Amino acid sequence: MRVAIDTQPGGAAPNEDWVAGTPTLAVVLDGLSTAGLDTGCRHGVPWYVGRLGSQLVASLADPETTLTAGLAGALEGVAALHPECDLGNPGTPSATVAILRQRGGSFDHLVLADSPIVLEGHQGFSVITDLRVDQILPDLKAEVAQQETHTTEHKEALRNLVLAQREIRNTAAGYWVAAATPEAAEHAVTGTVRAVDVRAAAVLSDGAACLVTDYAQSTWPEVFATLRAGGPRELIDTVRKVEATDPRGQRWPRYKSGDDASVAFCQWG
């Protein structure tokens with residue numbers, strides 16, 4: 001498997017995405033926004049995703065380790081790195097997870113929350129994602145969408161949304177993300193596909209996938225054509241050009257003018 005990767009921050013703040021690729025593995029993590037709220041952790045989201053990603057790559061180097069077990073072990077390992085922090089805080093640093101791993105003649109995949117894996121098959125494209133987060137708190141999300149980005153009203157609406165999300169994050173009533181406990185791994189979407197059925201794959205954070213999923217300014221066939229022609233950097237640059245036409249989030253309401261964006265493009269054969 002040949003993996004090309006890239007990641008870029010959405011603005012001046014540190015990048016809270018993380019991406020890695022090896023000859024058998026592609027991993028994308030998207031750290032969740034804290035909206036300036038207390039997390040109980042002195043390290044921060046970039047530190048968290050970096051440690052979680054490193055633990056995942058090490059754990060999943062063994063092909064006998066399932067993706068679920070690898071994620072659970074990585075979550076436990078990162079928690080052990082900062083026991084002095086309040087890991088019971090509902091806002092403890094957390095992230096979405098998307099993993100694709102080649103194992104013999106098949107590809108295993110795992111998705112936890114809304115960073116998708118897109119498979120290019122011989123008959124079309126399939127999207128593997130976990131959209132449970134989209135099904136909750138519609139009124140608070142609508143309030144964010146009504147405000148222009150970079151305004152006081154938008155920041156306050158986003159803060160209220162994140163506060164409410166924290167109360168149901170990693171509970172049966174809400175949605176699941178990677179945070180401080182290994183239990184979340186059991187709630188991931190997992191599966192296996194035969195390698196002969198797939199031509200290529202893209203593992204993306206939602207800041208890159210939004211070109212299709214939110215902005216509807218491209219299709220998956222067009223995205224894969226861009227990836228083949230110019231790689232992940234060209235795809236992210238295309239996202240930024242689209243966002244620049246709507247800097248205040250009027251046409252496409254969103255949490256940030258530009259979100260951190262990451263891509264791992266996988267080809268073989």
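Above this note sits the structure.
Attention in this report is confined to the structure presented alongside it. (Residues numbered from 1 in each chain as written. Predicted model: local features only at pLDDT ≥ 70, side-chain atom pairs only at ≥ 80, totals over all residues. Heavy atoms only, no water.)

**Quick notes on the pattern of salt bridges**
- Summed over the entire model, instances satisfying the criterion amount to twelve salt bridges.
- Where E84 meets R42, a salt bridge forms, and the shortest distance between an N and an O atom there is 3.3 Å. On the criterion of sequence distance, the pair formed by E84 in the loop between helix 2 (67-81) and strand 4 (95-103) and R42 in the loop between strand 3 (25-31) and helix 1 (45-59) is long-range, its members being 42 residues apart.
- Under the relative-accessibility criterion, E84 is labelled partly exposed at 47%.
- Residue R42 is classed as exposed on the basis of its relative accessible area of 64%.
- Between D108 and R103 there is a salt bridge; the shortest N-O distance is 2.7 Å.
- Overall, D108 belongs to the buried group, its relative accessible area being 5%.
- Because the salt bridges share partners, they merge into one network encompassing R101, R103 and D108. (Salt bridge = Lys/Arg side-chain N within 4 Å of Asp/Glu carboxyl O. Helix = DSSP H or I, 4+ residues; strand = E, 2+ residues; numbered from the N terminus. Buried < 20%, exposed > 50% of the residue type's maximum accessible area, 1.4 Å probe, protein only.)

**Points about the nonpolar core**
- Counting 26 residues, the largest nonpolar core has Y48, L52, L56, L71, V97, I99 and L112 as the members making the most contacts within it.
- Every element with two or more residues in this core is listed here: strand 3, helix 1, helix 2, strand 4 and strand 5 (106-112).
- What L71 contacts, discounting residues up to four positions off in sequence, is L56, V97, L110, L112 and A185.
- Formed by 22 residues, the second largest nonpolar core is a distinct cluster that contains V118, L211, F224 and V263. (Core = buried A, V, L, I, M, F, W, Y, C linked by side-chain atoms within 4.5 Å. Contact = heavy atoms within 4.5 Å.)

**Details of the side chain of S257**
- With respect to the helices and strands, the residue S257 is situated in the loop between helix 6 (220-244) and strand 10 (261-267).
- When neighbours within four sequence positions are excluded, S257 is seen to be in contact with T149, H150, E243 and P247.

**Here's the deal with the environment of A195**
- As for its placement among the helices and strands, A195 is situated in the loop between strand 8 (189-194) and strand 9 (198-204).
- Beyond its immediate chain neighbours, meaning those up to four positions away, A195 contacts G105, S106, F107 and W268.

**Notes on the packing of helix 3 (residues 138-145) against helix 4 (residues 152-168)**
- For the pair helix 3 and helix 4, interaxial distance at closest approach is 8 Å and the crossing angle is 160°. Relative to helix 4, helix 3 is oriented roughly antiparallel. Handedness of the helix 3/helix 4 crossing: left-handed. Contact with helix 3, carried on its side by L140, K141, E143 and V144, involves H154, A157, L158, N160, L161, A164 and Q165 of helix 4 and no other residues of that element.
- Broken down by class, the residue content of the contact of helix 3 with helix 4 amounts to six nonpolar, three polar and two charged. (Axes fitted to C-alpha atoms, helices over the stretch in contact; angles between N-to-C directions. Parallel < 35°, antiparallel > 145°, perpendicular 65-115°, else oblique. Left-handed = near helix turned anticlockwise from the far one by under 90°. Nonpolar A, V, L, I, M, F, W, Y, C, P; charged D, E, K, R; others polar.)

**Remarks on the pairing of strand 5**
- Counting buried positions along strand 5 yields seven of seven residues, so the element is predominantly enclosed.
- Burial along strand 5 is two-sided: S106, D108, L110 and L112 and F107, H109 and V111, pointing in opposite directions, are all buried.
- Two strands pair when backbone bridges link them, and strand 4 and strand 5 are joined in this way by seven bridges, in the antiparallel orientation. Bridge pairing in strand 5 links I99 to L110.
- As consecutive antiparallel partners, strand 4 and strand 5 are separated by two residues, and within that stretch G104 has a phi angle of approximately 65°, a positive value.
- Bridge count for strand 5 against strand 8 is six bridges, and the pairing is antiparallel. Pairing of H109 across the sheet is with G191, part of strand 8. (Pairing = 2+ DSSP bridges.)

**Some thoughts on the side chain of S115**
- When you line up the elements, S115 lands in the loop between strand 5 and strand 6 (117-121).
- Of the polar contacts made by the side chain of S115, one reaches the side chain of T96; its length is 2.6 Å.
- With residues near it in sequence (within four places) discarded, S115 still touches D30, T96, A98, L204, S205 and D206. (Polar contact = N/O pair within 3.5 Å; in protein donor to acceptor, adjacent residues only side chain to side chain.)

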